[in-house]
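A structural walkthrough
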Amino acid sequence: MSESRYLEQYDAAADADKSLLARRWIDTEPLPFFKELREKRPILVTPKFTLVTRFDDVREVLNMPKVFTVEPYVSKMGDYLMMHDDDALHTREKSLMQCMLNRDDLPAVREMVAKIGKEILDSANGSIEVVGKYCRMVPATVVREYFGLTGAKRADLIEWSYWNQVDTFHNQPFDLLPPEKSQYIIDRHNETSKKLGIFIVELIARRTLQVKAEQVTLSTLVRLDDDIVTRMLRTDYPKQLDFDIKRLGINAGGLLIGAIETTSQAVAQVIQYLIDRPEWLAKAKTAAQHEQPAEFDGIVWEALRFVPITPYLFRTTASDYTAAKGTGHETVLRKGTHVLPVTLSAMFDERAFESPDEFIPQRNWYNYFHFGFGSHECLGRYVGMVMIPEMVRQVLDRQNIAAKGPIDYKSGPFPEEYHLSWTA
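First, a word on what this report is: a plain description of the structure on this page. All of these numbers come straight from a predicted model, not from anything done at the bench.

Turning next to helix H10 (residues 179-216). Between its first and last C-alpha atoms H10 spans 55 Å; for 38 residues at 1.5 Å apiece the expected length is 56 Å, and the two agree. Downstream of H10 by a residue or two, Leu218 has a phi angle that is positive, lying close to 55°.

Following this line, the structure appears as structure tokens:
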């Protein structure tokens, strides 16, 4: 379809078909569709959802959590901090968890990721289905060894993360799924959440006893490894912080949910993007040999701009609001509207990205939306900032790396199979 025909076809469609048309173009032709919207109708109001496509307008939406709320998360996340909008609990617990996820750990985390990844690839003898055996397995191992969710099978951690991610981020009204498929996802999420809840209760009980034993023996007989769950249990929180053992357990579970599937998707898609572009693959392989990772990481983040884990975030308006006020496209968004700030579109807006259609590493990091934006920016983004590029680096460091075919999504939102080979 030519770049000038999306809105013409959209306007000619019956109201009942408009959302379906927009949804189809988001899924199949996102970049040319969003380009036309940025130029001609930066805020597109469909019967089911509203798309916000320009950089400044996307930031406006994401900067006002009390107006553009995460209400769609509420029934999906229990009482985790990310379902709270700019309230005391969200601020308090996110601050506590950011303290536990000490950024001084990052060099050691990157070394851990490199070691785990290298061991998996070394044992693969030159051929691997990289999604299940690597892209999910590495972060699942980090969840156990660094986050401290020990005692769980990695396959269980992967499954628990998967169904939470699918239900929360790919089973919303604007996803337009058939009712039976939507309910199946909800049922699997509920089922796996119960298993995760049982595991967390047992983990916290077991680790609490170990921490007490460590304290009683002054670490001479019992000495625990340093991980995030252990740090949380070693800490004496003032009563005024309302961070009791239940809140601690909820946040321990939250460490898992966002770590595995999003990392897996980002890594698989970046690897495919670079393998499919020999010029940039060669440059990435050269940069991977440098002692300092900045050049290589910049290539990864620029690749992810073209193939992000999601084209948009989503919010629900808590009140009427005039977006892009004072511009030629100002739009009144009514209370209860599903608003989709299209982060993929924003990352191709020439107002923020020079020559946006060109692949230019080392762009201004702060203009990317890889980990979200605003108060709901990803809690573990700094861990992700070392884990994702290091996982990609370990793969591209193999000689004569090649794909046997494209990523197979198996009709789902996430990569499921991607077969790679190299000279062992």
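On to the pairing of strand S8 (residues 338-341). Residues of S8 alternate between two faces, with His338 and Leu340 on one and Val339 and Pro341 on the opposite face, all of them buried. Note: strand S2 (residues 50-52) against S8, three bridges, orientation parallel. Bridge pairing in S8 links Val52 to Pro341. Here two bridges tie strand S5 (residues 315-317) to S8, and the two strands are oriented antiparallel to one another. Along S8, the bridge assignment pairs Arg315 with Val339.

Attention now moves to the sheet that holds S2. The five strands lie next to each other as S1-S2-S8-S5-S3, forming an open sheet whose pairing is mixed. On the outer flanks of this sheet lie strand S1 (43-45) and strand S3 (68-69), each paired with one strand and no other. The sheet strands contacting helix H4 (residues 55-62) are S1, S2, S3, S5 and S8, and the helix crosses S8 at an angle near 130°.

Moving on, we come to the side chain of Thr263. Within the fold, Thr263 resides in helix H13 (residues 261-275). Here Thr263 is in contact with Pro139, Met387, Ile388 and Met391, once residues within four sequence places are set aside.

Attention now goes to the packing of aromatic side chains. Inspection of the entire model under this criterion finds 29 aromatic pairs. Here Phe55 and Phe369 contribute two aromatic rings whose centre-to-centre distance is 5.7 Å and whose plane-to-plane angle is 65°, an arrangement assigned as edge-to-face. Here Phe369 lies in the loop between helix H16 (343-346) and helix H17 (381-396) and Phe55 lies in helix H4, a separation of 314 residues in the sequence. Phe369 matches Phe55 in its accessibility class, with the two residues each being buried. Taken together, a centroid distance of 6.2 Å and an interplanar angle of 45° make the contact between Trp365 and Phe371 tilted. Given a relative accessible area of 14%, Phe371 falls into the buried group. Among the aromatic residues, those joined into a ring-pair cluster are Phe55, Trp301, Phe353, Trp365, Tyr368, Phe369, Phe371 and Phe373. Positioned above the aromatic ring of Trp280, the side-chain terminus of Lys283 is 4.3 Å from the ring centre. The side chain of Arg305 reaches across the aromatic face of Phe348, ending 4.3 Å from its centre.

Cut-offs and rules
Residues numbered from 1 in each chain as written. Predicted model: local features only at pLDDT ≥ 70, side-chain atom pairs only at ≥ 80, totals over all residues. Heavy atoms only, no water. Helix = DSSP H or I, 4+ residues; strand = E, 2+ residues; numbered from the N terminus. Expected span 1.5 Å × (residues − 1). Buried < 20%, exposed > 50% of the residue type's maximum accessible area, 1.4 Å probe, protein only. Pairing = 2+ DSSP bridges. Contact = heavy atoms within 4.5 Å. Axes fitted to C-alpha atoms, helices over the stretch in contact; angles between N-to-C directions. Phe/Tyr/Trp six-rings, centres within 6.5 Å; stacked < 30°, edge-to-face > 60°. Lys NZ or Arg CZ within 6 Å of the ring centre and 35° of its normal.

Note that every value here comes from positions in space, so none of it alone points to a role or purpose.
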